[in-house]
Structure formats: C-alpha cells, structure tokens
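Structural characterization, general
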Amino acid sequence: MTNVLTLRFGGNALSLLTAGAFLCSGSATRTQGVDAAQLPTPTTLVKLSGTDECSRCAGYLLPGTLKKHPSMVYRVDSDLPEIFVSTGMLYTTAAVLPAFATKSGEAVRDWQRTQRHSEEVSFLERPFKGIDDSFEVFLYHMSNPAIVSKGETSTEPRRRRVVVLAKNIADKPVSLVSMQIMEAGGTMAKADGPESRLAARVLADSSWTRMGPVKIKPGESRVIGRSPKLSGTAEQVAQGKPDDETTSDFFTGIVRGWFTDDEGWPAHFAPKSTLELSVVAIDASTPDDQIERAAIEASTRGARSGEGAMDLNIEPPKCHLRRVVGVSPAFVWRGDRVVLDAATLSQFGAASGGVGEKPADVKPHAEPDALRGEGEAITKRSEDRKRWAGDIRGVAFLMAAPKMQTVECPQARQTAPMLHYPGYVRDETIGNYHVEYLLTFTIINTASEAKKVDLRFGKQDADVGLAWQVMIADGVAPEASEAELKKSPVNLQWAGGWRKGDLIDNTRSFFHAVKGVEPEPAVAAPIEIAPGACKTVTLRMMVVGTSSLPFFVYAVDEQ
C-alpha cells in the first residue's frame, strides 16, 4: 500500500534539469516573492506503509536502481557460521558443502548443506554454474576456542587463519590476479574498529595488497587471499610479521580477483575459466610454504559452528533475515536525483512516516529493547514504537531494505537476489555491507527567508555505521562523478539506538566531517540556502559491517 504526496511548484523538472535552464544558484537571486517557476519541481514523494508483520515500509521511497558493479561480476559472502570453533570449510561455491556440525554437535542436515538457486532473475541474466568472471569475497568471521565436553581434550589449534582457496574446475589452465584488504584488532562496532577501517579503505579504494598472479591448472587449487593469524598472544604478535599477527579472534576483509592475460594483469578479454571458491580455516602455525596443502586438506570437512541462535539446522524463522552467505551478482546502487524544497521540510516527521501513534513513555536514546516487551517478536508494531524514539523532523528515506521487509513496498527494495546459497539462509543479500551507494539531492528554497537543511543517517532500533564522501555544489549541478568523489576525504561514524554520542534523534550529519575515531561527538552541520537559491549534494557511501539494516537517510529542516 502506498500513498502519494505531491509537492508542486511551476516548471517541468525533467526537461529543465536536462537543459540546465534554471536560474537558481547558491546565493540569493530574490529576497521576497520567490518565483517558484524558476526553480526545479520538487520530486513527488511516495509514502511507504503497510500492515504486513515483517514489513519495514516506513518513511518515503528514495527512487533508484541496482546496477552492475563497474569491475566485479560476482559477490561471495561468507558470514555464517560467523563463529567457528575448529579448522575446516566455512563456505564454498561447490554444489554441496562438506559435512560439518552445529554447536551442539549435531550433523548439519544434507538439505541444509545443499545449495539452492533463487527463482528471481538477476541482471546477469544467466544461471550460476561457477565463478567464471571477476569476483569479490567478503569475509566476516570469529574464531572461538574449541568446544570441549566433560573429560575430553581438544586437538584443535587455538590459533587459526582463514584463507580463500580458488580451484580450477574447468579443463584449461587459467591465470588469476587478486588483491585484498584485511582488518583485525580493535573493538567491533566502533568508529575505529576493524569493520569501520575496512569500509573506509574500500571506499577510498586504497591500501590494497596485491596477491599473485597465479596460474591454476585444471583440478588444481591455489590460495588467493588470507587473513592474519588470529588469537595470538601479545608476545607472538610482537615477534611475528607486521600485519600477519593479531591477538583478536575476529577479522573481516575483502578479496577481489580477476582472470588475467599472459602478462599477469586484469584484462577485459582475458581467457576465462570456471572456479570454485572456498573459505577455509586452517592452523595458524602452518608454514607459509604449506598453507595451500593445509587448506586443501581442511576443505574436505566443514568447520564446526559456534553459533547458538543461528543453529544451521534451523531454517530462518519468519521475519528473521539471519546473516548473508552465498553468491550474488556484484552491484552498486544509484539513486535518482531527488529535488526537495527546504520551505516544506518542516511538515514531515515521524507522524508522516507512517509509524503510528507516539507512545507516551518514549525518550531519546532509550535502549531499543526497552521499547518492546520482554520476548516480544520483532513485528511492524514493535518497529513503529521504536521509530518514535527519534521523533525525526524532515523526510526519512528507507535504505538497504531487503525483499522480505518490503513485501508491501517492493519498489523500496535495495538488495539483489542470491544466485547460489545454502539452505540455512534466505534467497537474497541481506547485509549490503560495502555496497557502494551514490545519492544526489538538489535542495531548493521557495521561502522568502534563508533555510538551513541537514542531511543525516540513522536508525532507531539498533545501530548503523557508514563510510561516506560528500560534495556540495551551487545550483542544479550535475551529480559529482565517482572520480571526483574519490578525491574527497572519507568520513566514518555510527548512529543508532544504542549510540550515546550521536545526535539526540539517533542520527549523524553527513556534513559534519568526522575522522572515524572514538569519541567523536555528533553535531548538526546544516547548509544554508538563500531564498530562490538551490544547492546540489552528491553522496557516495558504504554500509559498515556489523550494522543492522535497514536504516534511514533524512533531509531535515534545521531552523
């Protein structure tokens, strides 16, 4: 169910935007009697709402499109079991995962280990038969001590390493080059934590470590990426190689790979083959020249899961997304230009976002779980109550919402269908971690006085972290190019229901330069738009791992 709210001022938005014929600029052209016909027409805003119990259809639609990633064809996510307690396979693109056990020691059932294919058609428009083009692998894992029953001892190593193994399953040799960014150490879900550092580095497209090139014969397997050695002592870290030792149990990273030409460099028309990619945990004490052998041996068995509530023998419960694991098309999300009028933003807020009646006891920065009863399921009603904690002024745009949560507002979905996935997860990407978003807002002012407008992000029921770059231009400017944005500083911070350092409405301003170091107090940092003027804001951003999704982007009247 959708309701349409139309804000109209004279002029034809599409033709005039294309022609660049508007007279508005970053400074005042008139101080009284603003001629709205000289300004672009505000975008028709579509309100999102619904009664489905899994729905997150709230706020307004931010129009846009999933597009193919400019350099990657496949995305492989390895995030379940997030917690593992032994060496062995964590995920593989093979048709069936090897036998492995749950935390309780039960064997994971065959139908859960057998990979499925989505019934949706992705923009690749071909069935998945293996990794036959460029790819990236997102890794997010925690190595915990082995589970030991009464009277037993464990032979499992406490220190482990995770590697990405590429097996050539075609009948011809292939050359492959890869590069990686790995992060470990520090506190998870912090602005200077490992997931945050990874997002900032990926967004800046810097500090990649090149691996290879390697030549892989038919049937042969080669390691193309690896984490540091996990769970070391302070002494082991001090005596080890820099960036290859950590005391942390947790790491996260991205490995990207391309088929190459004879010179060992990525080439669009390089000979391609078909690979089977596997994520494997091995003993960290394995010498470098034996890592491949150890990974191949460990890949024949599944690592034991350390998950409790995420037991791999249980199908995802209703309204529960679980973590993401499997193969999907690599994509970016490009928003359409949205024109907003600063003079009308004050009429929007929580009440207009379809979140129902405000509970009398809701207070800003209340613990999210306190806003629903003990043991109450996550439902539309409970989510409505939590959104009131922020009582946000301005337009709230729904971001990173998956299929299951957009049943009644399918146009708001920003996730891609999985091409290949095991039975213990759903058939869509759910994390959207490190997916690149590009948003463009043109903000006009039809009022007779100057207006201050802030663009923010936030979440009321949990936390979300973003890395972002922003450019502001006077007038109806074209969106900044990705090349231009990449030259801008990368900002990074978190906001949400459990954060105490964000703004009182659980948001962060995109216009406040933040370096991603705790503590970094939030401030509102609005831009000022004169009467009859307009400004164009282009945002390039990525969601940080550990974030809870979906989240909102807000355009706020800061008067």
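Described in the following lines is the structure provided in the data block. (Residues numbered from 1 in each chain as written. Predicted model: local features only at pLDDT ≥ 70, side-chain atom pairs only at ≥ 80, totals over all residues. Heavy atoms only, no water.)

Below, the discussion takes up the overall build of the chain. From N to C terminus, the chain includes seven helices and 25 strands. Relative to its 559 residues, the chain shows a buried fraction of 59%. Within the chain, residue pairs in contact and separated by at least 24 positions form 81% of the contacts whose partners lie at least 6 positions apart. Accessible surface, the chain: about 22200 Å² in total, of which carbon and sulfur atoms supply 52%. (Helix = DSSP H or I, 4+ residues; strand = E, 2+ residues; numbered from the N terminus. Buried < 20%, exposed > 50% of the residue type's maximum accessible area, 1.4 Å probe, protein only. Contact = heavy atoms within 4.5 Å. Areas by Shrake-Rupley, 256 points an atom, 1.4 Å probe, with all protein chains shown as cover.)

Strands sit in the order β6-β13-β8-β11 across an open sheet of four strands; the sheet is antiparallel. In this open sheet, the two edge strands, each paired with only one partner strand, are β6 (88-92) and β11 (221-226). Strand-to-strand, the axes of this sheet are offset by a mean angle of 30°, without reference to chain direction. Of the pairings in the sheet, the one linking strand β8 (residues 160-168) to strand β13 (residues 275-283) comprises nine bridges and is antiparallel in character. By the bridge assignment for β13, R161 is matched with I282. (Pairing = 2+ DSSP bridges. Axes fitted to C-alpha atoms, helices over the stretch in contact; angles between N-to-C directions.)

Among the residues making up helix α5 (residues 291-298), those that are buried are I291, A294, A295 and A298. Down the axis of α5, the smallest arc covering the buried residues is 100°, so these residues share one side. Considering only its buried residues, α5 is in contact with β6, β8, β11 and β13. (Arc of directions from axis to C-beta.)

Moving on to the state of the cysteines. In protein chemistry, a disulfide is the covalent bond that joins the sulfur atoms of two cysteines. Per the counting criterion, the structure on display carries two disulfides. Covalently, C54 is tied to C319 through a disulfide, its sulfur atoms 2.0 Å apart. Handedness of the C54-C319 disulfide follows from its S-S torsion of about -75°: it is left-handed. Here C319 lies in the loop between α5 and β14 (326-329) and C54 lies in the loop between β2 (45-48) and β3 (64-68), a separation of 265 residues in the sequence. Between the sulfur atoms of C57 and its disulfide mate C409 the distance is 2.1 Å. (Disulfide = S-S within 2.5 Å.)

Note that all results are geometric; they support no functional claim without further evidence.
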